[in-house]
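In case you want the letters, here they are:
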Amino acid sequence: MAISLFAALGAVLYLVDPFDTGRSPLPLKKGYPAPDFQSPMTSRLGNASRGRDQAFDAAIIGNSHVQAIEPERLTAATGISFVALVVQASGPRELLALWDWFVAHRASPAKVIVLGIDGPWCTAGPLTTSEPFPFWLYDPSRLAYLRGLLRYSVVVHALPERIAYLLGLRERARPDGYWDYEPRFAELGFDSEEKRRALERPKLTMDINLTGRFAAVDALRLRLARLPAETTVVLLRPPVFVTGLPAPGSDSAAADLACLAAFQAVAAARPNTVVLDWRADRPELRDAAAFIDHTHYRTELARLVEADIAREIANDRGPSGKTTISLD
């Protein structure tokens, strides 16, 4: 009896498809329900729906260090439809799973992938995770997916929310995945004078790795080799406040340069691939008003980063007349 009930529950979960993965044979309404409270876990789960949405042919993939980049603005600037596949407090292992999911679910090759490569991308390895992540949700194995579905949180929370959404009782979450983190940081007290003063103190924002080995670079190289040549890839080193940059001549600076060189070598080996380096001393990174903390920046600075991304895309795709820049 228990086995029959368990099997029936699994069948219901598979057919209802709580996270809109597209695995159900039923013609269900697309989209992921808007959460009552935006949290890192909602991004981890909702990206399965966004990553397979054929309305988008380009993606911004990264953690909260690229969260301020607004896909809607890049779409308007380039004429290419962008989705944000952002997972807060994540590293290369999780983000490469999202990369794989997005690429595998394109009816035609992706036009652009913008990948945020911050400090965790520069470790020697192996690739690990610091926060829980539902790898089963993005696993190509249907058995692994089904095993992941059979858990208390899915049955109690995700399943009822999905049914309410399918019945029109819940709104759809923003399809392009963007959410402004500044109000949340303000609620957490990051606009206080104490937090402002913290920016004055130096902070290490990247591990010191002098081994010459970069596991994430190796993993990315394999994926770039499988990617269609026409896909433009922008490897973005996100902005860091000046006191979060390594001191010149230090081991930290040497490690930073070695990691940058490794990514530049990967980019040089593939057409339509570029490293966009905002992790370098420049006037914009000396303006404390543009930062929330050492590694999270405000909307005004994000607009400058977006303009640079759009220019790189135009440089790559412009001769064919496919892309124009308009960030007014």
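See the structure above.
Residues numbered from 1 in each chain as written. Predicted model: local features only at pLDDT ≥ 70, side-chain atom pairs only at ≥ 80, totals over all residues. Heavy atoms only, no water.

Caption draft 1: Representation of the pairing of strand 5 (residues 273-277) within the structure. Here strand 4 (residues 232-237) pairs with strand 5 via five bridges, running parallel. Each residue of the ladder has a partner; that of Leu236, found in strand 5, is Leu276. Handedness of the crossover joining strand 4 and strand 5 through helix 11 (residues 251-268) is recorded here as right-handed. (Pairing = 2+ DSSP bridges. Helix = DSSP H or I, 4+ residues; strand = E, 2+ residues; numbered from the N terminus. Right-handed = clockwise from strand over helix to strand, strands pointing away.)

Caption draft 2: The pattern of salt bridges, seen in detail. If you walk through the whole model with that rule in mind, you get 22 salt bridges. The residue Asp176 makes a salt bridge to Arg174 at a minimum N-O spacing of 2.6 Å. A relative accessible area of 8% means that Asp176 is categorised as buried. Among the residues examined, Arg174 registers a relative accessible area of 33% and is labelled partly exposed. With a closest N to O distance of 2.8 Å, Arg237 and Asp256 form a salt bridge. Here Arg237, found in strand 4, pairs with Asp256, found in helix 11; they are 19 residues apart in sequence, far enough to count as distant. Just as Arg237 is buried, Asp256 falls in that class too. Via salt bridges that share partners, Glu70, Glu72, Arg73, Arg174, Asp176, Arg303 and Glu306 belong to a single interconnected network. (Salt bridge = Lys/Arg side-chain N within 4 Å of Asp/Glu carboxyl O. Buried < 20%, exposed > 50% of the residue type's maximum accessible area, 1.4 Å probe, protein only.)

Caption draft 3: Summary view of the sheet that holds strand 1 (residues 58-62). If you trace the five strands from one edge of the open sheet to the other, you get 2-1-3-4-5, paired in parallel fashion. This sheet does not close on itself; its edge strands, each paired only once, are strand 2 (82-86) and strand 5. Ignoring strand direction, the axes of neighbouring strands in this sheet form an average angle of 15°. Pairing between strand 3 (residues 112-116) and strand 4: five bridges, direction parallel. Of the residues in strand 4, the one forming a bridge with Leu115 is Leu235. Lying on the sheet, helix 11 is in contact with strand 4 and strand 5; it crosses strand 5 at an angle near 155°. (Axes fitted to C-alpha atoms, helices over the stretch in contact; angles between N-to-C directions. Contact = heavy atoms within 4.5 Å.)

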